[in-house]
Amino acid sequence: MNFNTYVKKLKEVQDKSHLENGYSHIVYQIFDIALDDEKHSIVDTSSLKRTINKATAPRNVIAVPDFVITKKGYFFDDIQKSDDILGCVEVKYKDVDVTNPDRLCSMAKNKGYLEVYNKVIYTNGWIWRLYDGTPDYVEINFRKNSANATYGELLKLLCSINWNE
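Residues take numbers from 1 onward in each chain, read along the sequence in its written order. Whole-chain, interface and lining totals are the exception, using all residues; otherwise, since this is a predicted model, local features are given only for residues with pLDDT of at least 70 and side-chain atom pairs are given and counted only at 80 or more. Each side-chain value is worked out from all heavy atoms of the structure, with water and hydrogens disregarded.

Participant: A description of the pairing of strand E6 (residues 137-141) should follow, citing residues and the corresponding values.
Facilitator: As paired elements, strand E5 (residues 127-132) and E6 share five bridges and run antiparallel to each other. Following the sheet pairing, Tyr131 is matched in E6 by Tyr137. The antiparallel hairpin formed by E5 and E6 contains four residues in its connecting segment, where Gly133 sits at a positive phi of about 85°. The pairing criterion for strands is at least two bridges between them, as found by DSSP. Numbered from the N terminus, helices here are DSSP runs of H or I no shorter than four residues, and strands are runs of E no shorter than two.

Participant: Give a detailed account of the packing of helix H2 (residues 20-34) against helix H5 (residues 148-160), specifying residues and quantitative values.
Facilitator: Contact geometry for H2 and H5: axes closest at 9 Å, N-to-C directions at 65°. By the angle class used here, H2 and H5 are roughly perpendicular. Crossing angle aside, the handedness with which H2 passes H5 is right-handed. Contacts between H2 and H5 involve Ile30, Phe31, Ile33 and Ala34 from the first element and Tyr151, Leu154, Leu155, Leu158 and Cys159 from the second. Whenever a helix is involved, its axis is fitted only over the stretch in contact; in every case the axis is a line through C-alpha atoms, and angles between N-to-C directions fall within 0 to 180 degrees. Each angle gets one of four labels, with under 35 degrees taken as roughly parallel, over 145 as roughly antiparallel, 65 to 115 as roughly perpendicular, and the rest as oblique. In this scheme, a crossing is called left-handed if the near helix is turned counterclockwise away from the far one by less than a right angle; it is called right-handed if the turn is clockwise. Every residue pair with non-hydrogen atoms within 4.5 Å of one another is taken to be in contact.

Participant: Give me the sheet that holds strand E3 (residues 85-91): which residues, what numbers.
Facilitator: Taken together, six strands build an open sheet; the order of strands is E1-E2-E3-E4-E5-E6 and the sheet is mixed. Lying at the two open borders of the sheet, with one neighbouring strand each, are strand E1 (40-44) and E6. Each neighbouring strand pair of the sheet contributes to a mean axis angle of 20°, computed without reference to strand direction. Along the sheet, H2 contacts E1, strand E2 (67-71), E3, strand E4 (119-123) and E5; its crossing angle with E3, the most-contacted strand, is approximately 140°.

Participant: Quick one: what's the story with the packing of helix H1 (residues 3-17) against H2, residue by residue and with numbers?
Facilitator: Between H1 and H2, the least distance of the axes is 9 Å, while the angle of their chain directions is 165°. As far as their axial angle goes, H2 and H1 are roughly antiparallel. Note that H1 runs across H2; the crossing there is left-handed. Along the contact surface, H1 presents Tyr6, Lys9, Leu10, Val13 and Gln14, while H2 presents Gly22, Tyr23, Ile26, Gln29 and Ile30. Residues belonging to the contact of H1 with H2 are distributed by class as follows: six nonpolar, three polar and one charged. For this classification, the nonpolar set comprises Ala, Val, Leu, Ile, Met, Phe, Trp, Tyr, Cys and Pro, the charged set comprises Asp, Glu, Lys and Arg, and every other residue, Gly included, is treated as polar.

Participant: Before we move on, can you summarise H5 with the specific residues and values?
Facilitator: An expected span of 1.5 Å times one less than the residue number is assigned to each helix. With 13 residues, H5 extends 18 Å from end C-alpha to end C-alpha; this agrees with the ideal 18 Å at 1.5 Å per step. Among all positions of H5, only Thr150, Tyr151, Leu154, Leu155, Leu157 and Leu158 are buried. The buried residues of H5 all sit within an arc of 160° when viewed along its axis, so they share a single face. Exposed residues lying more than 90 degrees from the buried face of H5 are Asn148, Ala149, Lys156, Cys159 and Ser160. Buried residues in H5 make contact with H1, H2, E4, E5 and E6. Accessible area is worked out with a 1.4 Å probe on protein chains only. A residue is then buried under 20% of its type maximum, exposed over 50%, and partly exposed in between. By definition, the arc is the one covered by directions from the helix axis to the C-beta atoms.

Participant: Go over the pattern of salt bridges with me, naming the residues and quoting the values.
Facilitator: Just to be clear on terms, a salt bridge is a Lys or Arg side-chain nitrogen sitting within 4 Å of an Asp or Glu carboxyl oxygen. Under the criterion given, the structure shown has seven salt bridges. Between Lys92 and Glu90 there is a salt bridge, with its nearest N and O atoms 3.3 Å apart. Residues Lys92 and Glu90 agree in their burial class; the two are buried. Here Glu90 makes a salt bridge to Arg103, at a shortest N to O gap of 2.8 Å. Taken together, the residues span a long stretch of sequence, with Glu90 in strand E3 and Arg103 in the loop between helix H3 (95-99) and helix H4 (113-117) at a distance of 13 residues. Residue Glu90 is classed as buried on the basis of its relative accessible area of 2%. If you follow the salt bridges from partner to partner, you end up with Glu90, Lys92, Asp102 and Arg103 in one network.

Here it is in structure tokens:
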């Protein structure tokens, strides 16, 4: 997907559907470009419910993310192999939900995404935030700078993530 198609798709979701799920499809397509599928997989977990034996969404996590990044050889056999789960992607519709993430940090009874997944991406396609084990983040913001170069920066950022660290 090139930059013009990417922005066109984002605008269609914004103008026509107003649904988080509309952005999810675009985000998945970006990962289809940027994720090394020889080493990693992206698993759609958006419809999972939390249970004690869900492979990518343990019972004590604060919420179930939309996508989980795993090692390529990851296989669900009723046991969560946390070493094979490398990160997660949370897709939101509103900009404010990306810039004010509510699921990063742990609470009294539930573990936050940073504790469970370590590498966390919050995005709605317009704004991308990468959290690499801490509440500090790297941001790519198409609302501030919607240019082909920004799209290149996004792809470069996503391709540079060392999911295994």
